[in-house]
Amino acid sequence: MRKLDVPSWLREPPSWLVLTSLLVLWQVATWVFKPAPFLLPDPISVGRALIANPTMYLVNAYYTTANTLIGFGLSVIIGFGLALGIVYSRFLESTVYTTLVAINSMPKVALAPLFVVWMGTGNTSKIAMAFLIAIFAIVIDAVLGLRTLDTEIVDLGRSMRGSPLKLLWKIRLPNALPSLFAGMKVAIGLSLVGVLVGEFVSAQHGLGYVIMAAQGAFDTPRVFVAILLLSVLGTLLFKSLEFIERRVIPWHVSQRAVSH
Amino acid sequence: MTMDRNEVVSGENPHIRIQGVSKIYASPRGDVLALTDATLDIQKGEFVSLLGPSGCGKSTLLKMVGGLDSVTTGAISLAGAPIDGPPVGLGMVFQKDVLLDWRTVLQNVMLPVELQNLDHAEHLDRATTLLKLFGLGDFLDKHPWELSGGMRQRVAICRALVTDPSLLLMDEPFGALDALTRDELNLELQDIWMRSGKTIIFVTHSISEAIMLSDRICVMAARPGRFIEIIKIDFPRPRTLAVRETPEFADYTRRVRQIFESNGVFQHEKA
């Protein structure tokens, strides 16, 4: 029996083709079933809503992006600092780490209204949410990465009489990078969720604010535009991290297939 | 050269002195006696093997000589000074090559130079020369994962040699390699040792490898880890692989086997 001659684009369809097909399917479904536009608008009216006021979306997307990146950046810097402290100090391990793990088990979005009370309806409360929701992934993965070191590598480093700082810089830190990147790739998505939750609770701008305002006016196409922009934003943030990762740790097992 | 070394071997002041050393590890199921009452003098430039089954304390002893582990009782001294942490002029090779994946071959070999703040340019030459000597001249800029197991272990040896240490501690360095690569590396190690006059302590569980390489073999047994007998190997240097086919080599092998048998190492054969 000869294998069927299926063209490669059909056997393994590229992602743009899959997404375009979904859009077309969505458009055809709305033509056929005619749902009320405030329940499910068709892609063409969503597109029109975007074209009607692109600057408004751009400005709001900017606020959401900036707050996400600031919150994420802070969580990486502070989270990694904490992880270093936890790995090198028994005291911090039994105090900070235990506290963090305990706090992590509660749903952090429940804190969003409190943050608005504490920090107001401006950017600070959004950044704080992004930071809080992302830092656990950073700390836990960074601690894991810093701790996961073969005993032979530890012995080797000691036998070479390296100072603790040099051993950290030349061995432990690079060794922790793959794990840190894994944590960051989780954290970047969480940061976006944190900002969005903050914007839902109370805000003057941001894509979350756009969604809430449009929902109040039953302007569902605008809600859809914001949701689509958010998924594009989420993908872009994640892909940028992957791009950086490929350049920082091309030596890691997970990257070799790409770099060769 | 052979005569010189014999003279050193019979000298009065041992380079490394291991006196009544025991090691007890605390474990959840009580204390474990890893090594008991080990005494051995090693001369400068000597090649000594610690030979025994797993659990005989040979790696533990090696770590204690390298200052990576403390003795429970007894004392170890190097050139007259008690061991307190890894000494200056120490090179170590482990069964795992523990090369760092993010460094190239050359950068891996340069690691001890960077960690000890030694002169970079001078040691870069030495690293390159060493790697060429071990047949890795074309692989300086490759990463560890691009090399075979034998090549990786050669890089690990170069890394241990780059600072020209006077003491080389090797913990089953060829244990994970195939037999042919192992033979090859045994010869290369002998070459290096004969040219440099380093003191080498070599941990192995291969009887023939120990006989092939050593001036003296320290035969050990487990539960508790202990020395049973120290055997002097009297083959001229440099030894070739053919030495293994001589009747004398078979005599040494038989002797070690009999020691192991009478100390319950080969349980299966006795049963």
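What counts, and at which threshold
Residues numbered from 1 in each chain as written. Chains lettered and ligands numbered in written order. Predicted model: local features only at pLDDT ≥ 70, side-chain atom pairs only at ≥ 80, totals over all residues. Heavy atoms only, no water. Helix = DSSP H or I, 4+ residues; strand = E, 2+ residues; numbered from the N terminus. Expected span 1.5 Å × (residues − 1). Buried < 20%, exposed > 50% of the residue type's maximum accessible area, 1.4 Å probe, protein only. Arc of directions from axis to C-beta. 1 Å grid on protein atoms, 1.4 Å probe; cavity = no way out; pocket = protein on both sides within 12 Å on 5 of 7 lines; lining within 4 Å. Points joined across faces, edges and corners; volume = space filled by probe spheres on them. Nonpolar A, V, L, I, M, F, W, Y, C, P; charged D, E, K, R; others polar. Domains from an automatic or database assignment. Contact = heavy atoms within 4.5 Å. Buried area = accessible area lost by both parts, 1.4 Å probe. Salt bridge = Lys/Arg side-chain N within 4 Å of Asp/Glu carboxyl O. Polar contact = N/O pair within 3.5 Å; in protein donor to acceptor, adjacent residues only side chain to side chain.

Undergrad: What exactly am I supposed to notice about helix 2 (residues 15-33) of chain A here?
TA: An α-helical turn contains 3.6 residues, so any two residues separated by three or four positions project in the same direction. Residue and element names in this part refer to chain A. An ideal rise of 1.5 Å per residue puts 27 Å on 19 residues; helix 2 measures up with 27 Å between its terminal C-alpha atoms. For helix 2, the full list of buried residues reads W26, Q27 and T30. Summarising the axial view, the buried residues of helix 2 lie within an arc of 95°, below the 170-degree limit, and thus occupy one face. Away from its buried face by more than 90 degrees, helix 2 exposes L25, W31, V32 and F33. At the exit of helix 2 stands K34, carrying a positive phi of roughly 45°.

Undergrad: Help me understand the layout of surface pockets, please; the structure alone is not making it clear to me.
TA: The method is simple in principle: a probe with the dimensions of a water molecule rolls over the atoms, and the space it marks as empty is what remains. The computed volume of the largest pocket comes to approximately 310 Å³. Along the walls of the largest pocket sit 17 residues, with D150, I153 and N175 of chain A together with L99 and D101 of chain B positioned nearest its centre. Grouping the amino acids of the lining of the largest pocket by side-chain chemistry returns 9 nonpolar, 3 polar and 5 charged. One number sums up the size of the second largest pocket: a volume of about 230 Å³. In terms of lining residues, the second largest pocket is bounded by 17 residues, among which A34, S54, G55, C56 and G57 of chain B are the most central. Grouping the amino acids of the lining of the second largest pocket by side-chain chemistry returns 7 nonpolar, 7 polar and 3 charged.

Undergrad: Just to check I follow, could you spell out the domain arrangement of chain B for this structure?
TA: Interfaces are often sized by the accessible area lost when the parts come together. Residue and element names in this part refer to chain B. Domain parsing of chain B yields domain 1 (1-88 + 167-262) and domain 2 (90-165). Domain 1 puts 23 residues into the contact, and the matching count from domain 2 is 18 residues. For the domain 1 and domain 2 pair, buried surface summed over both sides reaches about 1800 Å², with 65% attributable to carbon and sulfur atoms. Where domain 1 touches domain 2, the interface holds 3 salt bridges. The interface formed by domain 1 and domain 2 contains 10 residue pairs in polar contact (both at pLDDT 80 or more). Contributions of two or more residues to the side of domain 1 that touches domain 2 are made by strand 7 (167-171) and helix 6 (179-196). The element that contributes the greatest number of residues to the side of domain 1 that touches domain 2 is helix 6, accounting for 6 residues. For the side of domain 1 that touches domain 2, the residue count by class is 14 nonpolar, 3 polar and 6 charged.

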